[in-house]
Amino acid sequence: MVVNMAFPSYKEIETPLLLNIYNQGGEVNPSSCYESLGKAFGLSNEELNELIPDDSNRSQWKNMVQWAKRK
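Residues numbered from 1 in each chain as written. Predicted model: local features only at pLDDT ≥ 70, side-chain atom pairs only at ≥ 80, totals over all residues. Heavy atoms only, no water.

K.L.:
Even after reading the chapter, I still don't get the overall build of the chain, so can you show me in this structure?
P.N.:
When helices and strands are counted, the chain shows four helices and zero strands. Seen in sequence order, the chain has helices and strands lined up from the N terminus as α-α-α-α. Its C-alpha atoms give the chain a radius of gyration of 12 Å, within 12% of the compact-globule value 11 Å for 71 residues. Dimensions of the chain, computed from C-alpha atoms along their principal axes, come out at roughly 40 × 25 × 20 Å. (Helix = DSSP H or I, 4+ residues; strand = E, 2+ residues; numbered from the N terminus. Rg over C-alpha atoms; globule rule 2.2 N^0.38 Å.)

The following block contains the structure:
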């Protein structure tokens, strides 16, 4: 059974991500933000590790942070 978690929207991720980047000196790899941003949004470890339902074995949360960074 697949349970869809409630993730923040890309728009909601953008500002905290930008603040995280700023606080780390202006340039970061998204991987340094995944956990801290997830905790800031109150995501559980299960949510942080949920996979995209497309057989790619990629993390939904990491993918969302990467897309938010590109916008």
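After that view of the structure, there is still more to cover.
K.L.:
What is the right way to read the side chain of Asn 20 from this model?
P.N.:
Within the fold, Asn 20 resides in helix α1 (residues 10-23). For Asn 20, a relative accessible area of 13% gives the class buried. Only 3.0 Å separates the side chain of Asn 20 from the side chain of Ser 36, close enough to count as a polar contact. Contacts of Asn 20, omitting those with residues within four sequence positions, involve Cys 33, Ser 36 and Leu 37. (Buried < 20%, exposed > 50% of the residue type's maximum accessible area, 1.4 Å probe, protein only. Polar contact = N/O pair within 3.5 Å; in protein donor to acceptor, adjacent residues only side chain to side chain. Contact = heavy atoms within 4.5 Å.)

K.L.:
I keep staring at the packing of α1 against helix α4 (residues 60-70) and nothing clicks. Help me out?
P.N.:
Axis angle and axis distance: for two packed helices, these are the angle between their axes and the distance between the axes, and together they describe the pair. Where α1 meets α4, the axes come as close as 9 Å, and the angle between the chain directions of the two elements is 75 degrees. Taken together, the axes of α1 and α4 lie roughly perpendicular to each other. Between α1 and α4, the contacting residues are Tyr 10, Ile 13, Glu 14, Leu 17 and Ile 21 on the first element and Trp 61, Met 64, Val 65, Trp 67, Ala 68 and Lys 69 on the second. Residues of the contact of α1 with α4, tallied by class, amount to nine nonpolar, no polar and two charged. (Axes fitted to C-alpha atoms, helices over the stretch in contact; angles between N-to-C directions. Parallel < 35°, antiparallel > 145°, perpendicular 65-115°, else oblique. Nonpolar A, V, L, I, M, F, W, Y, C, P; charged D, E, K, R; others polar.)

K.L.:
Sorry, what's going on with the environment of Pro 8 here?
P.N.:
Relative to the elements of secondary structure, Pro 8 occurs in the segment before α1. Given a relative accessible area of 9%, Pro 8 falls into the buried group. Along the backbone, Pro 8 and Asn 49 are 41 residues apart, and their C-alpha atoms lie at a distance of 15 Å. In this view, Pro 8 contacts Ile 13, Phe 41, Leu 43, Trp 61 and Met 64; residues no more than four positions away in its chain are not counted.

K.L.:
What should I look at first to understand the nonpolar core in this one?
P.N.:
Generally speaking, a soluble globular protein has its nonpolar side chains buried in company with each other. Membership of the largest hydrophobic core comes to 13 residues, with the highest contact counts inside it found for Ile 13, Leu 17, Cys 33, Leu 37, Trp 61 and Val 65. Of all elements in the fold, only α1, α2 (34-40) and α4 reach the threshold of two or more residues within this core. No other element matches the four residues that α4 contributes to this core. Among all residues touching Cys 33, those that are not within four sequence positions of it are Leu 17, Asn 20, Gln 24 and Val 28. (Core = buried A, V, L, I, M, F, W, Y, C linked by side-chain atoms within 4.5 Å.)

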